[in-house]
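# What the coordinates show
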Amino acid sequence: MENKINFKTSDLEKMEKQTAVHLINSLGGFKSVALVGTSNGQGKTNLSIFNSFFHIGANPPLIGMIFRPSPPERDTMRNIIDTGFYTINHINEQIYKKAHQTSARYNKDISEFDATGLSAEYKNNFQAPFVLQSNIQLGIEFKEKIDISINNTTMIIGEIVQIFIPKDCLSDDGFVNLEKAGTLTCSGLDSYHKTLQLDRLSYAKPDKEITSLLKS
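Summarised in this report is the structure supplied together with it. This one's a predicted model, so the numbers in the text were calculated from it and none came from an experiment. (Residues numbered from 1 in each chain as written. Predicted model: local features only at pLDDT ≥ 70, side-chain atom pairs only at ≥ 80, totals over all residues. Heavy atoms only, no water.)

As a further point, take the pairing of strand β10 (residues 153-164). As defined by bridge partners, strand β5 (residues 61-67) adjoins β10 across six bridges and the pair is classed as antiparallel. Considered in β10, the bridge of Ile66 is made with Met155. As judged from the 11 bridges shared by strand β9 (residues 137-148) and β10, these two strands associate in the antiparallel manner. Bridge pairing in β10 places Phe142 opposite Gly158. Once β9 ends, the chain turns through four residues before running back antiparallel as β10, passing Asn152 with a positive phi of about 65°. (Pairing = 2+ DSSP bridges. Helix = DSSP H or I, 4+ residues; strand = E, 2+ residues; numbered from the N terminus.)

All right, on to the packing of aromatic side chains then. Summed over all chains, the structure comprises six aromatic pairs. Seen in terms of ring centroids, Phe50 and Phe67 are 4.9 Å apart; in terms of plane orientation they differ by 65°. Their pairing is edge-to-face. In this pair, Phe50 sits in strand β3 (residues 45-50) while Phe67 sits in strand β5, placing the two residues 17 residues apart along the sequence. Exposure remark for Phe50: the relative accessible area of 12% places this residue in the buried category. Ring plane angle 40° and centroid distance 5.6 Å describe the contact between Phe126 and Phe130, whose orientation is recorded as tilted. Pair check on accessibility: Phe126 and Phe130 agree, each one buried. Through a chain of ring-to-ring contacts, the aromatic side chains of Phe85, Phe126, Phe130 and Phe164 assemble into a single cluster. Above the ring of Phe175, the side-chain terminus of Arg200 is found at 4.0 Å from the ring centroid. (Phe/Tyr/Trp six-rings, centres within 6.5 Å; stacked < 30°, edge-to-face > 60°. Buried < 20%, exposed > 50% of the residue type's maximum accessible area, 1.4 Å probe, protein only. Lys NZ or Arg CZ within 6 Å of the ring centre and 35° of its normal.)

This brings us to the environment of Thr83. Locating Thr83 in the fold gives a position in helix α3 (residues 75-83). Remark: the alpha-carbon pair of Thr83 and Ala128, spanning 45 residues in sequence, is separated by 8.6 Å. Beyond its immediate sequence surroundings of up to four residues, Thr83 is in contact with Ser39, Asn40, Gly41 and Gln127. A distance of 2.7 Å separates a polar atom in the side chain of Thr83 from the backbone oxygen of Asn79. Here Phe85 takes part through its backbone oxygen, which lies 3.4 Å from a polar atom of the side chain of Thr83. (Contact = heavy atoms within 4.5 Å. Polar contact = N/O pair within 3.5 Å; in protein donor to acceptor, adjacent residues only side chain to side chain.)

Okay, here's the thing in structure tokens:
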């Protein structure tokens, strides 16, 4: 028997603001969550948690993310545009509380790396800092900025130019085992989750039965 609550736009408008925000942010389901590492022209580091990532294409390998309206000043976006480089670092169970703390509004003179106890790691001559404690790390080169007028947000598109993955998390066919890497997901603004793989299925074709790709 159906037992569902119905909300209309008029109901949302009457809600306490933060309640409506939690509701809408939860409706999209589970999302990618990661730490974005940047530095400015003087080498001052910045670290911020984001859950607005999305895949754009594999060739070239493009990934997008959404920035909320400014002000307040967005140090991460300014650093990305000024330097042209940033990192995306997966969050695991050992660091998720520290990662969440990076969402606090620190003074621009304070690095979130220092404030949270996470470690900046520079490697392969990449200009932006990785998070040492992250198991999967991506180096991104900034490609395009798109302003979205309907809600004053900004889309940043970058190309993946560096990838660091634990050897035992990469399958022969290129599939990345995120669970083995300990990658967490999130829902809403503050709920973090571990995952359990149900299955991995074969490529769908009209005249072929779907089969499991997992080894029995």
